[in-house]
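# Structural characterization, general
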Amino acid sequence: MKIALPDLSAMERFGRAIADRLQPDDVVALTGGLGAGKTTLARAIIAGLGHEGEVPSPSFAIIEVYDPPASPSDSGAPGVRLPLVHADFYRLKDPSEADEIGLDDYRQGAALIAEWPDHAGGFAHEPGCLSVTLEVEDEGRIAIVEPGLHWRDRVSF
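Residues numbered from 1 in each chain as written. Predicted model: local features only at pLDDT ≥ 70, side-chain atom pairs only at ≥ 80, totals over all residues. Heavy atoms only, no water.

## A few points about the sheet that holds strand S4 (residues 84-88)
In sheet architecture, strand pairing relies on hydrogen bonds along the backbone and comes in two forms, parallel and antiparallel. Where we set the bar: Here, strands pair whenever DSSP counts at least two bridges between them. Secondary structure follows DSSP: runs of H or I at least 4 residues long count as helices, runs of E at least 2 residues long count as strands, and numbering of each begins at the N terminus. To define axes, lines are fitted to C-alpha atoms, for helices over the stretch in contact only, and angles between the resulting N-to-C directions are given on a 0 to 180 degree scale. Only heavy atoms enter the contact rule, under which two residues are in contact if any of them lie within 4.5 Å.
Read from one edge of the open sheet, seven strands run S1-S7-S6-S2-S5-S4-S3, paired in mixed fashion. Each of the sheet's edge strands pairs with one partner strand only, and the pair in question is strand S1 (2-5) and strand S3 (63-66). Each strand axis lies, on average, 20° off the axis of its neighbour in the sheet, ignoring direction. Two elements, strand S6 (residues 129-137) and strand S7 (residues 140-147), share eight bridges in a ladder whose sense is antiparallel. Residue pairing in the sheet places Glu137 in a bridge with Gly140 of S7. Where helix H1 (residues 8-21) meets the sheet, it contacts S1, strand S2 (27-31), S6 and S7, and its direction lies at approximately 135° from that of S1.

This is the structure we're talking about:
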């Protein structure tokens, strides 16, 4: 399925729509060239999950973790509605490096937003993977969306 993203508002709406459907153990695999909007979409998803404030690009740290409030009394604290890992695998030279940084440990019970997923060996084979390829066109961007098995009943963007 193709989704037109002519401007930043459309990208933000798309990110919120993904966030509304995101569940623990899901993967949102974001591909596209440099400047295609992967980090912009990731930020929109994270904001849609309830995070307030800055969302740093994980380009150098590789992994950023977002946790829900620790208890109901922390409900005023900025957080997300489910545990989330935002990873940018651009700098990985070999997929085995994802194991070396402990990706599986970070993923336990969390959703994953993966930029440059192919650098970590890819996730499209996982039933909880929503693959989104972003392409730049004259009239903005388009998202080519391929839902994994667990996403098929949730995709209605």
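## Overview of the packing of aromatic side chains
Where we set the bar: Each pair of aromatic rings taken from Phe, Tyr and Trp, with Trp reduced to its six-membered ring, is defined by centres within 6.5 Å and is described as stacked if the planes are under 30 degrees apart, edge-to-face if over 60, and tilted in the remaining cases. Only Lys NZ and Arg CZ are tested; either one counts as a charge over a ring when it is within 6 Å of the ring centre and within 35 degrees of the ring normal.
According to the stated counting rule, one finds two aromatic pairs in the structure shown. Measuring from centroid to centroid gives 4.8 Å for Tyr90 and Trp116, while their planes differ by 55°, and the two rings are tilted. In this pair, Tyr90 sits in the loop between S4 and helix H3 (96-100) while Trp116 sits in the loop between strand S5 (111-115) and S6, placing the two residues 26 residues apart along the sequence. Here the guanidinium or amino end of Arg154 rests over the ring plane of Trp151, the centre of that ring lying 4.3 Å away.

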